[in-house]
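Structure assessment
The chain contents come next:
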Amino acid sequence: MRKEKLIELYRDTCSRMFGCTVEDASEKQLYKAVCTTVRELLSEKRRDWQKTVREKQKKQVYYMSMEFLVGTSLRNNLYNLGILDQTDAFLKSCGFSLEKLCAMEPDAGLGNGGLGRLASCYMDAATGLNLPVTGFSIRYEFGIFRQKIVDGWQMEFPDNWLEMGDVWLRPREDDAVEVHFGGKTREWMDNGQFKVSHIDYQSVTAVPHDMYISGYGGKAVNRLVLWSARMPQSFDMAAFSRGDYIRALEKNTMAETISKVLYPADDHESGKRLRLRQQYLLVSASLQSILNAHYKQYQTFSNLPQKVAIHINDTHPALCVPELMRLLVDQYGYGWDDAWALTQKTLSYTNHTVMSEALERWNVDLFRSELPRIFSIAEEINRRLMQDLMTVYGNDRAKLDYMAVIANGEIRMANLCLACCHKINGVSGLHTEILKTGIFRDYYELDHDRFLNVTNGIAYRRWLCQSNPKLTKLLKELIGTGFLKDAAELEKLLAFKGDAQVQQQLREIKRDNKIRLAKYIAEENGILVEPDSLFDVQIKRLHEYKRQLLNVLHILHLYLQIKDHPNAPFTPRTFLFAAKASAGYVRAKQIISLIVAVSDLVNADPATRDKLKVVFIEDYKVSLAEIIIPAADISEQISVAGKEASGTGNMKLMINGAVTLGTLDGANVEIHDQVGDENMFLFGMTADEVEALWRRGYAPREFLTPDLERVLSMLTSGVLGGKRFDDIVASLLYDRFGAADCYMTIADFNDYARAQRDVSAAFLDKARFTDMSLVNIAKAGIFSSDRAVKEYAKNIWYL
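We now examine the sheet that holds strand β21 (residues 634-637). Each strand in a sheet pairs with its neighbour through backbone hydrogen bonds, running either in the same direction (parallel) or in the opposite one (antiparallel). The 6 strands lie next to each other as β20-β19-β18-β21-β22-β23, forming an open sheet whose pairing is parallel. Looking at the sheet topology across the chains shown, the edges are occupied by β20 (612-616) and β23 (681-682). When strand β19 (residues 573-578) meets β20, the two strands line up parallel, connected through 5 bridges. Across the sheet, the residue bridging to Arg573 is Leu612, located in β20.

Moving on to the packing of helix α6 (residues 114-128) against helix α33 (residues 785-795). Running from N to C, α6 and α33 point in directions that differ by 80°, and their axes come no closer than 9 Å. With respect to α33, the axis of α6 lies roughly perpendicular. Judged by residue contacts, Cys121, Tyr122, Ala125 and Ala126 of α6 engage Ser785, Asp786, Ala788, Val789 and Tyr792 from α33. When its residues are assigned to classes, the contact of α6 with α33 shows 7 nonpolar, 1 polar and 1 charged.

Phi angles above zero are rare outside glycine, and Asp314 is one such case at about 70°. We note that Asp741 has phi near 50°; this positive angle belongs to a residue other than glycine. In this structure, Asp741 sits in the loop between α30 (726-733) and α31 (745-764). Under the relative-accessibility criterion, Asp741 is labelled buried at 2%.

As a further point, take the sheet that holds strand β14 (residues 406-407). With antiparallel pairing, 3 strands are arranged side by side in an open sheet as β13-β15-β14. The sheet is open, and its two edges are formed by β13 (361-363) and β14, each paired on a single side. By the bridge criterion, 3 bridges tie β13 to strand β15 (residues 410-412) in an arrangement that is antiparallel. By the bridge assignment, Asn363 is partnered in β15 with Glu410.

On to helix α23 (residues 548-564), then. For α23, with 17 residues, the first-to-last C-alpha span of 25 Å sits near the 24 Å given by 1.5 Å per residue. The buried count for α23 comes to 14 of 17 residues, which makes it a mostly enclosed element.

With that settled, the discussion passes to the packing of helix α12 (residues 320-331) against helix α13 (residues 336-346). Axis separation between α12 and α13 bottoms out at 9 Å; the angle between their running directions is 135°. With respect to α13, the axis of α12 lies oblique. Like other packed secondary-structure pairs, α12 and α13 cross with a definite hand, here right-handed. Together, Val321, Leu324, Met325, Leu328 and Val329 of α12 and Trp336, Ala339, Trp340, Leu342, Thr343 and Thr346 of α13 make up the contact between the two elements.

Quick look at a nonpolar patch on the surface now. Side chains of Val150, Met155 and Phe157 sit close together on the surface and give an oily, nonpolar patch of about 230 Å² of accessible area. Within the secondary structure, Met155 sits in strand β4 (residues 153-157).

Before going further, it helps to spend a moment on the packing of aromatic side chains. The description of an aromatic ring pair rests on the distance of the ring centres and on the angle between the ring planes. Counted according to the given criterion, the structure contains 18 aromatic pairs. For the ring pair Tyr698 and Phe703, a centre distance of 5.6 Å and an interplane angle of 55° mean the geometry is tilted. Residue placement shows Lys399 over the ring face of Tyr393; its charged tip is 5.0 Å from the ring centre. When the ring centre of Phe535 is taken as origin, the NZ or CZ atom of Lys514, which lies over that ring, is 4.7 Å away.

Three or more residues of helix α28 (residues 687-696) are buried, namely Ala687, Val690 and Leu693. Buried residues of α28, viewed axially, fall in a sector of 125°; they line one side. Residues of α28 that are exposed and point over 90 degrees away from its buried face: Asp688, Arg695 and Arg696. Looking at the buried residues of α28, the elements they touch are α18 (429-437) and α31. Among the residues trailing α28, Gly697 stands out with phi positive, at a value near 110°.

Now for the nonpolar core. The biggest cluster of nonpolar side chains holds 206 residues, and the ones touching the most others in it are Leu74 and Phe367. The leading source of residues in this core is helix α10 (residues 269-298), at 10 residues. If sequence neighbours within four positions are ignored, Phe367 has contacts with Leu276, Leu319, Trp362, Pro372, Ile374, Phe375, Ile411 and Met413. Among the nonpolar cores identified, the runner-up in size contains 69 residues, and Leu549, Leu661, Phe725 and Ile728 belong to it.

Moving on, we get to the pairing of strand β16 (residues 423-426). Neither face of β16 is exposed, since Lys423 and Asn425 on one face and Ile424 and Gly426 on the opposite face are all buried. Pairing of strand β12 (residues 347-350) with β16 involves 3 bridges; the strand directions are parallel. Bridged to Thr350 within β16 is Asn425. With 3 bridges joining them, β16 and strand β17 (residues 451-453) adopt parallel strand pairing. What sits directly across from Ile424, in β17, is Phe451.

What counts, and at which threshold
Residues numbered from 1 in each chain as written. Predicted model: local features only at pLDDT ≥ 70, side-chain atom pairs only at ≥ 80, totals over all residues. Heavy atoms only, no water. Pairing = 2+ DSSP bridges. Helix = DSSP H or I, 4+ residues; strand = E, 2+ residues; numbered from the N terminus. Axes fitted to C-alpha atoms, helices over the stretch in contact; angles between N-to-C directions. Parallel < 35°, antiparallel > 145°, perpendicular 65-115°, else oblique. Contact = heavy atoms within 4.5 Å. Nonpolar A, V, L, I, M, F, W, Y, C, P; charged D, E, K, R; others polar. Buried < 20%, exposed > 50% of the residue type's maximum accessible area, 1.4 Å probe, protein only. Expected span 1.5 Å × (residues − 1). Left-handed = near helix turned anticlockwise from the far one by under 90°. Patch = residues over 30% accessible without salt bridge, like charges linked within 9 Å, V, L, I, M, F, W, Y side chains within 5 Å. Areas by Shrake-Rupley, 256 points an atom, 1.4 Å probe, with all protein chains shown as cover. Salt bridge = Lys/Arg side-chain N within 4 Å of Asp/Glu carboxyl O. Phe/Tyr/Trp six-rings, centres within 6.5 Å; stacked < 30°, edge-to-face > 60°. Lys NZ or Arg CZ within 6 Å of the ring centre and 35° of its normal. Arc of directions from axis to C-beta. Core = buried A, V, L, I, M, F, W, Y, C linked by side-chain atoms within 4.5 Å.

The following block contains the structure:
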């Protein structure tokens, strides 16, 4: 777009919205005017794209996910539309700063961690590749939560992101649909045909809100459709007239609760019920919308699998299976067998975890009471599944129960997907092998062709080109601009390995990024960190299997070493943590509290504070990661082998030049395949060794050394600011809470400490460490989400 035309649009929007010129506008007014202009540009481009898709009758993909961790949109959209520099220059000429406007934008509160960020990366990539992909999720009014650390403990506060973030959303009230909860079903035969009706239900209206998704250099603009919930009749006039004002609004308030908060705590019955309602609202509203659009264009569903691919991102949207059957059978009159054939060919499923607690299971009574018709369909799916399995496995009850959709009073969401979907994929080579040989083995043995791997990928233009502009500028100078469209071009950087001048430029860029992060830490945490120290970064959702605990125990080990040998050589370290713990996950919150207590101890001690700093940065989110990741020297990816499905933070850190310290888990295996032993720091047991140790009988005390015992004693002695962490120590050493040390923190501690010593030695050799960093940047191209989406499009969605 010509600069003059763009400036005219910005001025017209500001005048139309606020009745003032750009120069007279406040920063908030100008922020809204710029965002609105960009949204309108995307809307216009979207109309042209929709017309192309419709006229060419292209097959369309619908990506169902409870999370889309979009982050902020203004800079990303400006960059993808190619108007970033023009907008920056115009705002400067008017006395404003694009940086300040971007800083005003809140992160869209639509996700928690890697699952949601991956979904957003795939939407960006699909759009840039000109693939028609629509995302579906919920418009959470308050997102996950805003994290504050109060007296060392995580507290959760509402994240009112819509106050400034709703500028990107376009509601479509006329396309609202009804979703039914509760009630009962009535079944009968009519002229030999089975009939069913759902009666006495509670109706909730789902309203779609469109967020337009841009892609780099493409013609497409795709949509992320976010559903909000409300009552069809939101106001009880009779109750209001009686003076019962609270009851007059009560029903609407209960309906709106469905789209209030992502992942409400489910350690109680009401929380479980709300989560189930959220999942069904997402699935039912989305599938109704998909089928309505398909029928409007084609007047039939016989071609549904040829024109529609519906992808289930983890088990949260698994209700797509029975809901699509309900719509085809009950609403459109298909027989069971024909509907099942269409459903199987249309649905595909990505598994993201081998953690048993994340493979969702619902209590039968709860499920039946909330979704009676869906329950009866699930029962029929299970009955037919058992008939088919008995022809293969006979009356092997243990195997049949393990594979069943309904067994032992539970409905298993993963098995629902396995029983139906035409393709099932894992998200790293190791993870997919574990699915095939472990938790999904029995289904894999039935049909090998349904299972495949698609290793995760990242939207590298956001995480490199936008987050690290200085590194991007250097890469353009060294290898040209081809990598902006094809991440594989990054490998050309290998030609500069050992080049002293390039090494110095890389170190200067890294130091500039560390200074930027150090400034943020000083402002937000009141802690001064040394940019020339080694920045050791672990930023990810707080979970025991990710082993932030291993990291913090090692920090205490280093602390004791410095205290014992104050004059010994020591590589200065800054350990950086950022993580949110689920509101009901007490152990994860205890680990955050431990990290904060260790930070207070280490940073205040005159003997250690110039050698060792520990910082917990609160309220981790995408925009914060964009500051932290370019500054990292070491990327901590230290989950126990066999538990992390893939990871994507490891890829984002890698492409910004951080060197991985990790186990052979998830996509670390593929990072190792790319860079080799000499360009990462490996430690710990392999997945096979972990499994063998469990089979032999893991006793943590066998691996407990005097050094580690001394560290653990600090957790129970009160030296950490008077705080004690007896529960954490008990979970590592005793089995009263189940298996002791479930994630083998103690077993891997010594080798982790060895690897950390290797890190310190390598960091002191500046030329060697910079070359390691360079190799990681050069070999990161394979982890582009462009590559991953192309694999989905070819092998799963059949585009």
